[in-house]
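Architecture at a glance
Below are the chains, spelled out letter by letter.
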Amino acid sequence: MATVETNSELGQQVVADAKEYVLHSWSVQDAVNPVAVAGGEGRYFWDYDGKRYLDFASQLINLSLGHQHPKLVAAIQEQAAKVCTIGPPMATEPRSTLARLLADVTPGDLAMSFFTNGGAEANENAIKLARWYTGRHKVIARYRSYHGATAGAITLTGDPRRWPAEPGMPGVVRMFDPYTYRCPAGHPDPCPVCTGAPHLEEILQYEGADTVAAVILETVTGTNGVIPPPDGHLQSIREVCDRHGIVLILDEVMAGFGRTGKWFACENWDVVPDILTVAKGINSGYVPLGAMVVNEKLRDWLRDKPFAGGLTYSGHPLACASGVASIGIFREEGIVENAAEQGRYLADALRALQESHPSIGDVRGLGLFWGLELVRSRETREPLVPFNAAGADAKPVAHLTKAALDAGLYLFVHWNVIMIAPPLNITREELDEGLAILDDALAVADEYT
Ligand SMILES: Cc1ncc(COP(=O)(O)O)c(C=O)c1O
């Protein structure tokens, strides 16, 4: 472990400057009180007082290989020494190699990549391409979704982060999620929403299937509750899209690259999208990077047309070099296999926690991607904090996260769901360390039941 030097004075200055000069995402600025991070290694980071934190959220579910992976750092350094940046019209080794590797590791006939700076831009380009390809304009997206903060992606987003951006991009139609714990239509199992096809078919009936360019889904819903689809759901959506000539876009910005114990989440249900969007785990966020990966049909269609998309930093060499190195590390170190194996252990451990904590209503997920849904009552399923809770309403959750942080565990909680998504190279001992702190912190939530 790297030497942890303390410098409390600098830490205080970093926080003071952050509060005065940095406009923080999705936050009431006066309520922001960030941890000043002095360094990190593996699954841990530390502040300027030398206090260490185990990261059970991989920062924003992106730091799949943990901090300062030596091979990832070396790949960036080596590329920086060769050529730091080059324009998109040129061919450059890291970009070419990463595109080839993506065609290799992604499922089915996904074949060609457009590189972006992150997830939102990948989704923007996916929508634009689907509309152009089909000559149709509507896009069906789900309520419990987050697709990014740019104009189109935030309109696709179903959660309240969309509201300040409304009316947004025209043509977005909303569908419900397969949220079996709280079926949005109040249906018993098997419900037409949760089974996929009947709900989508009904929407298409009202919208006119031949006006719909694309369906965009998070393969496993992330921030909006970690909701894996029930078996059959994704397959039936694929079938409906095929029948109506609709482009299926799977957003695996969060769920891709090993997070669910498979290289890509859609492999859990043997579904291949027409367009896959990725970011985050593609290179653990060491340099901003995302990609839209299109299938052979779209690739062939694009051959003789001018693609109407571009970014100055599309396929940035430093980002792509880290992407190439990351895929190498995944293969050499069995990262996906570790996610699957530790994920099985984590699943059992989280279910065991549910036995002793009345505040845990539901435990769901796969691989190293889990959600603990917190409730005031298991009988009524009343959420521990209301939908879109902020400020005083969010107190129970704020108490829990603070208790965990004070004890050295960083948790990411969205409304009433704790996301458990540690780096994919986490060890059994580290999982146990985090689970023990989580166990204590959940006692704080139990007090509100
Ligand atoms: C599923 C999903 N899609 C898209 C995005 C947006 O990615 P970015 O913040 O890199 O633009 C996110 C970010 O959290 C996400 O979770």
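Structure: above.
So, a few notes on the structure that sits alongside this text. Within each chain, residues carry numbers counting from 1 in the order of the written sequence. In view of the model being predicted, local features appear only for residues whose pLDDT reaches at least 70, and side-chain atom pairs are presented and counted only at 80 or more, with totals across whole chains, interfaces and linings using the full set of residues. Each side-chain value is worked out from all heavy atoms of the structure, with water and hydrogens disregarded.

Each helix is a run of H or I in the DSSP string that is no shorter than four residues. Each strand is a run of E no shorter than two, and both are numbered from the N terminus. Helix and strand counts for the chain come out as 13 helices and 15 strands. With the C-alpha coordinates aligned to their principal axes, the bounding extent of the chain is approximately 60 × 60 × 40 Å. When the 449 residues of the chain are sorted by exposure, 56% land in the buried category. Contact definition: two residues touch when any of their heavy atoms are within 4.5 Å. By sequence separation, contacts in the chain at least 24 residues apart represent 73% of the contacts at least 6 residues apart. For accessible areas, the Shrake-Rupley method is used with a probe of radius 1.4 Å. Any residue's cover is judged against the shown protein chains and nothing else. For the chain, the accessible surface area stands at approximately 18,700 Å², while carbon and sulfur atoms represent 53% of it. We treat Lys and Arg as the positive residues and Asp and Glu as the negative residues; His and chain ends play no part in the count. Throughout, a charge is located at the NZ atom of Lys, the CZ atom of Arg, the CG atom of Asp or the CD atom of Glu. Placing the 37 positive and 55 negative side-chain charges of the chain at their respective mean positions leaves the two points 5 Å apart. Partly exposed describes any residue whose relative accessible area lies between the buried limit of under 20% and the exposed limit of over 50%, with all areas from a 1.4 Å probe on protein chains only and scaled to the type maximum.

Right, let's get into the packing of helix H4 (residues 93-105) against helix H10 (residues 317-332). All axes here are fitted lines through C-alpha atoms, helices being fitted over the stretch that makes contact, and every angle between N-to-C directions spans 0 to 180 degrees. For the pair H4 and H10, interaxial distance at closest approach is 8 Å and the crossing angle is 40 degrees. Our classification of the angle between H4 and H10 gives oblique. Every pair of crossing elements has a handedness; the one defined by H4 and H10 is left-handed. Between H4 and H10, the residues in contact are Pro-94, Arg-95, Thr-97, Leu-98, Leu-101, Leu-102, Asp-104 and Val-105 and Pro-317, Cys-320, Ala-321, Gly-323, Val-324, Ile-327 and Arg-331, respectively. Residue composition of the contact of H4 with H10, grouped by class: 10 nonpolar, two polar and three charged. We call two directions roughly parallel when the angle between them is under 35 degrees, roughly antiparallel when it is over 145, roughly perpendicular when it lies between 65 and 115, and oblique otherwise. Handedness of each helix crossing follows the sense of rotation of the near helix against the far helix: counterclockwise by less than a right angle gives left-handed, clockwise gives right-handed. Basically, the charged four are Asp, Glu, Lys and Arg, the nonpolar ten are Ala, Val, Leu, Ile, Met, Phe, Trp, Tyr, Cys and Pro, and anything else, Gly included, counts as polar.

Put simply, Glu-166 and Pro-167 share a cis peptide bond, and its omega is 10 degrees. The residue Asp-270 is not glycine, and still its phi comes out positive at about 50 degrees. Structurally, Asp-270 is set in the loop between strand S8 (247-251) and strand S9 (275-278).

Here, a strand pair is defined by DSSP locating no fewer than two bridges between the strands. Sheet architecture is open: seven strands sit in the order S4-S10-S9-S8-S7-S5-S6, paired in mixed fashion. Strand pairing shows two members of the sheet lacking a second neighbour, strand S4 (110-116) and strand S6 (172-175), which therefore form its edges. Averaged over all adjacent pairs, the angle separating strand axes in this sheet is 20 degrees, with direction ignored.

Another aspect to go through is the pattern of salt bridges. Salt bridge, as used here: a side-chain nitrogen of Lys or Arg that lies within 4 Å of a carboxyl oxygen of Asp or Glu. Applying the stated criterion across every chain, the model contains 19 salt bridges. Between Glu-207 and Lys-138 there is a salt bridge, and its shortest N-O distance comes to 2.9 Å. In this pair, Glu-207 sits in helix H7 (residues 197-207) while Lys-138 sits in strand S5 (residues 138-142), placing the two residues 69 residues apart along the sequence. Given the relative accessible area of 25%, Glu-207 is considered partly exposed. Shared partners join several salt bridges into a network, and the residues in it are Arg-238, Asp-242, Asp-274 and Lys-297.

What follows is about helix H1 (residues 8-21). Given a rise of 1.5 Å per residue, 14 residues ought to cover 20 Å, and the 20 Å separating the end C-alpha atoms of H1 matches this to within 8%. Those residues of H1 not exposed but buried are Gly-11, Val-15 and Ala-18. Looking down the long axis of H1, one finds its buried residues gathered within 60 degrees of arc, a one-sided arrangement. Away from the buried face of H1 by more than 90 degrees, exposed residues Glu-9, Gln-12, Glu-20 and Tyr-21 are located. By this rule the span expected of a helix is its residue count minus one, scaled by 1.5 Å. By arc we mean the arc of the directions from the helix axis to the C-beta atoms, nothing more.

Attention now goes to the site of the ligand. With respect to spatial proximity, the complete set of residues near the ligand consists of Gly-118, Gly-119, Ala-120, Asn-123, Tyr-146, His-147, Gly-148, Glu-218, Asp-251, Val-253, Met-254 and Lys-280. Ala-120 places a main-chain nitrogen or oxygen 2.8 Å from an oxygen atom of the ligand. For the ligand, an oxygen atom lies 3.0 Å from a polar atom in the side chain of Lys-280. When the free accessible area of the ligand is taken as 390 Å², the share hidden by the protein chains comes to 79%. Being near a molecule or strand, for a residue, means having at least one of its heavy atoms within 4 Å of it. Polar contacts here mean pairs of N or O atoms no more than 3.5 Å apart (in protein, one a potential hydrogen donor and the other a potential acceptor; neighbouring residues in sequence count only if both atoms are side-chain atoms).

Structurally, Glu-379 is set in the loop between strand S12 (369-374) and helix H12 (395-406). With 128 residues separating them in the primary sequence, Glu-379 and Asp-251 have C-alpha atoms 34 Å apart.

A few words on the packing of H12 against helix H13 (residues 428-446). Relative orientation of the contacting elements H12 and H13 amounts to 150 degrees, with a least axis distance of 8 Å. In this view, H12 runs roughly antiparallel relative to H13, as classed from their interaxial angle. Regarding H12 and H13, the two cross each other, and that crossing is right-handed. Only Ile-437, Ala-441, Leu-442, Val-444 and Ala-445 of H13 make contact with H12, whose side of the interface consists of His-399, Leu-400, Ala-403 and Ala-404. Considering only residue class, the contact of H12 with H13 consists of eight nonpolar, one polar and no charged.

In summary, the pairing rule links any two rings of Phe, Tyr or Trp, Trp by its six-membered ring, whose centres are within 6.5 Å, and it sorts them by plane angle into stacked for under 30 degrees, edge-to-face for over 60 and tilted for everything else. Inspection of the entire model under this criterion finds 12 aromatic pairs. Between the aromatic rings of Tyr-133 and Trp-301, the centroid separation amounts to 5.1 Å while the plane-to-plane angle is 85 degrees, which identifies the pairing as edge-to-face. One end of the pair, Tyr-133, is in helix H5 (residues 119-134); the other, Trp-301, is in helix H9 (residues 296-302), with 168 residues separating them in the sequence. What makes Trp-301 partly exposed here is its relative accessible area of 22%. Where Phe-257 meets Phe-264, the ring centres are 4.9 Å apart and the plane angle is 70 degrees; that geometry is what we call edge-to-face. No difference in accessibility class separates Phe-257 from Phe-264, as the two residues are buried. Feature note: the residues Phe-257, Trp-263, Phe-264 and Phe-330 constitute an aromatic cluster, connected by ring pairs. Its end group placed over the ring of Tyr-44, Arg-52 keeps NZ or CZ at 4.1 Å from the ring centre. Lys-305 extends its terminal NZ or CZ atom over the ring of Trp-301, reaching a point 4.4 Å from the ring centre. Lysine NZ or arginine CZ positioned within 6 Å of the ring centre and within 35 degrees of the ring normal marks a charge as sitting over the ring.

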